[in-house]
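As a plain string of letters, each chain reads:
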Amino acid sequence: MIRLTDVAKDYPRSGTALAQISFEVKKGEFVFLTGPSGSGKTTILKLLYMDDKPNQGEVWVNGVSSTTASGREISRLRRRLGIVFQDFRLLEDRTAEANVRFALEVTGAPKATIRAKVSRALTQVGLASKATSYPRELSGGEQQRVAIARSLINDPFVLIADEPTGNLDERATRGVFQLLRDINASGTAVIMATHDLDLVRRSNYRTIELNHGRLVFDSAESPLSARPSDETMAEIEAASDTRENA
Amino acid sequence: MRSVREALTASRRAPLLSILGVVTIAFSLFAFGLFGLVAINIRKALEQVEERVEVRAFLDDSADIESVAAAMKDIGEFPEVARVEYVSKEQALERARKEMGEFADVFEAGVLPASIEVYLRSGMRDPTTVKSIADRIRTYHFVDDVRYGEEWVEKLYRLRNIATVAGLALGIAFAAVAIIIIGATIRMTVLARAKEISIMRLVGATDMFIRLPFLIDGLVKGVMGGLLALVFVWVANRVVNEYFIQTIFFSREMIFLGVVGGAFMGVLGSLVSVGRHLRRV
């Protein structure tokens, strides 16, 4: 369903972002993407939703290849992906409901189906009662739920989440994470970038770890230990500590 | 339909920006229009002057009337020639007296030679053609002298060419400025909606879908700016007519072309700025 083959990405100013990345994600899988900041997590996610193309290798997502994809194909692909960010990316001047509806409207969905789909998505994330609230009237956790509802509206085969709990307190984090697990349980694959090691440890999902743009660990490949090495773990923690203290 | 609605919503959300956009477009088109007006009036004036370009052949006193008539027939058949007229000695005298007014008495019959006046078709009054006609007429043995105001014809033509080139160059410059201004005002709208656009792309809206409202926005602004500019130019023309000199205004086709030009500039400006934005994000 998703396959990266020997992918490399360089940026003209900041240099190598990714090198020799290869992995596959199967249908319905839940995958954590971990690593210190700047390790390339966000870059991988960008390559997955084809916001960027690799300099080398191939990213293959649901039949669309990064080497040949046209703008139109990429647009079509994104309608089958759910994408969620740390900063929610909601439109402040629209209600929760309008934010979710927006994703359907701009893809030219038939009007008749929109209302039902929107209310179903909001119910799924537990926000049916806040449909008419504006983002500023919602808590961080609620805003992220609206963003998730928006990402679910087109029945994606995979949900790509870039630090979805990065801006949330512990309680909201647990709630959002549980929501992602539920979504995964209903058959949608989830690829979640995070440096919240507690989340990674507590659950038993596949973990891919990056460091300096290289894949240093994939729990699917090393069945003996389903955890990143202590060394890199310490490095990750140190990096996230530094960030928290900054 | 959605695109039209989106374009209108965008204008409603930032009314000041939209008004500013339309007014700047109007001003740049106004400058363009004023120049155009000057250009067509110069052209018109030149045409009037040009109509007076003629070749005059003075005849020998010994010229017999039959050969002159035959020559006139020949000349009349030149493709460049509109008509040929014979001016007898008496007519020449009368004309001179009329033109000289109080000095009319100085002239006596027989002083002025008879002549044939050759009027050229429009478009055939350039210096080279005029000269070649004059040279051909000079070959008749009874023609004493041919005059066509060589220097004058050349000057006139040079002036006209300068006016055309200057008009074209300034017109292109003004059009470029208008496109840049429209691009900039649309760019402000694009930037104001950058977040919306990025979300649209993430959820899979096509570039064309994203672009369309902006193109319509540019089109509407271009047309409105064009119409406003038309009003400005019209008022300016009225003022000049009232207090200075008689001028002609644009024809209906030209007005239509001007407004279409505004629309075109609006679309082009927004195409450039939205395209640049979409490539970047």
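Read on for an overview of the structure.

What counts, and where the lines are drawn
Residues numbered from 1 in each chain as written. Chains lettered and ligands numbered in written order. Predicted model: local features only at pLDDT ≥ 70, side-chain atom pairs only at ≥ 80, totals over all residues. Heavy atoms only, no water. Helix = DSSP H or I, 4+ residues; strand = E, 2+ residues; numbered from the N terminus. Rg over C-alpha atoms; globule rule 2.2 N^0.38 Å. Buried < 20%, exposed > 50% of the residue type's maximum accessible area, 1.4 Å probe, protein only. Contact = heavy atoms within 4.5 Å. Areas by Shrake-Rupley, 256 points an atom, 1.4 Å probe, with all protein chains shown as cover. Lys, Arg positive; Asp, Glu negative; His and termini not counted. Charge placed at Lys NZ, Arg CZ, Asp CG, Glu CD. Pairing = 2+ DSSP bridges. Axes fitted to C-alpha atoms, helices over the stretch in contact; angles between N-to-C directions. Buried area = accessible area lost by both parts, 1.4 Å probe. Salt bridge = Lys/Arg side-chain N within 4 Å of Asp/Glu carboxyl O. 1 Å grid on protein atoms, 1.4 Å probe; cavity = no way out; pocket = protein on both sides within 12 Å on 5 of 7 lines; lining within 4 Å. Points joined across faces, edges and corners; volume = space filled by probe spheres on them. Nonpolar A, V, L, I, M, F, W, Y, C, P; charged D, E, K, R; others polar.

**With respect to the overall build of chain A**
Then step 1. The number of helices and strands found in chain A is eight helices and 10 strands.
Then step 2. Relative to the 2.2 N^0.38 estimate, which gives 18 Å for 246 residues, the radius of gyration of chain A is 18 Å and therefore close to what a compact globule would have.
Then step 3. By its C-alpha atoms, chain A is 50 × 40 × 35 Å across when sized along the principal axes.
Then step 4. Counting across all 246 residues of chain A, residues that qualify as buried make up 52%.
Then step 5. Look at the contacts in chain A between residues 6 or more apart in sequence, and 69% of them connect residues 24 or more apart.
Then step 6. Here chain A has roughly 11500 Å² of accessible surface; of this, 45% comes from carbon and sulfur atoms.
Then step 7. Of the charged side chains in chain A, 33 are positive and 32 negative; the average position of the first set lies 9 Å away from that of the second.

**As for the sheet that holds strand 9 (residues 206-211) of chain A**
All names here are of chain A.
Then step 1. As summarised here, the arrangement of the six strands in space is 6-7-8-3-9-10, forming an open sheet in which the pairing is mixed. Each end of this open sheet is capped by a strand with a single partner; those strands are strand 6 (81-85) and strand 10 (214-218). Across the sheet, the axes of successive neighbouring strands diverge by a mean angle of 20°, strand direction being ignored.
Then step 2. Pairing of strand 3 (residues 30-34) with strand 9 involves four bridges; the strand directions are parallel. Looking across to strand 9, one finds that Val31 is bridged to Arg206.
Then step 3. Relative to strand 7 (residues 158-162), helix 1 (residues 41-48) is tilted by about 150°, and along the sheet it contacts strand 3, strand 6, strand 7, strand 8 (189-193) and strand 9.

**Side note on the interface of chain B and chain A**
Then step 1. The interface is formed by 13 residues belonging to chain B together with 20 residues belonging to chain A.
Then step 2. Between chain B and chain A, a total of about 1600 Å² is buried, with carbon and sulfur atoms accounting for 59% of that surface.
Then step 3. Contact with chain A buries area across many residues of chain B, yet Ile199, Leu202 and Val203 of chain B alone supply 38% of it, more than any other trio.
Then step 4. There are two salt bridges connecting chain B and chain A.

**Some remarks on the environment of Ser251 of chain B**
Then step 1. Examined against the element boundaries, Ser251 of chain B turns out to sit in the loop between helix 8 (207-243) and helix 9 (252-280).
Then step 2. Residues Ser251 of chain B and Val143 of chain B, spaced 108 residues apart in sequence, show a C-alpha to C-alpha distance of 45 Å.

**Section: the layout of surface pockets**
All names here are of chain B.
Then step 1. Space inside the largest pocket adds up to approximately 780 Å³.
Then step 2. Taken together, 30 residues make up the lining of the largest pocket; nearest its centre are Phe32, Gly33, Phe35, Gly36 and Phe250.
Then step 3. Of all the secondary-structure elements, those providing two or more residues to the lining of the largest pocket are helix 2 (15-50), helix 6 (150-192), helix 8 and helix 9.
Then step 4. With 10 residues, helix 2 is the single largest residue contributor to the lining of the largest pocket.
Then step 5. Classifying every residue of the lining of the largest pocket gives 19 nonpolar, nine polar and two charged.

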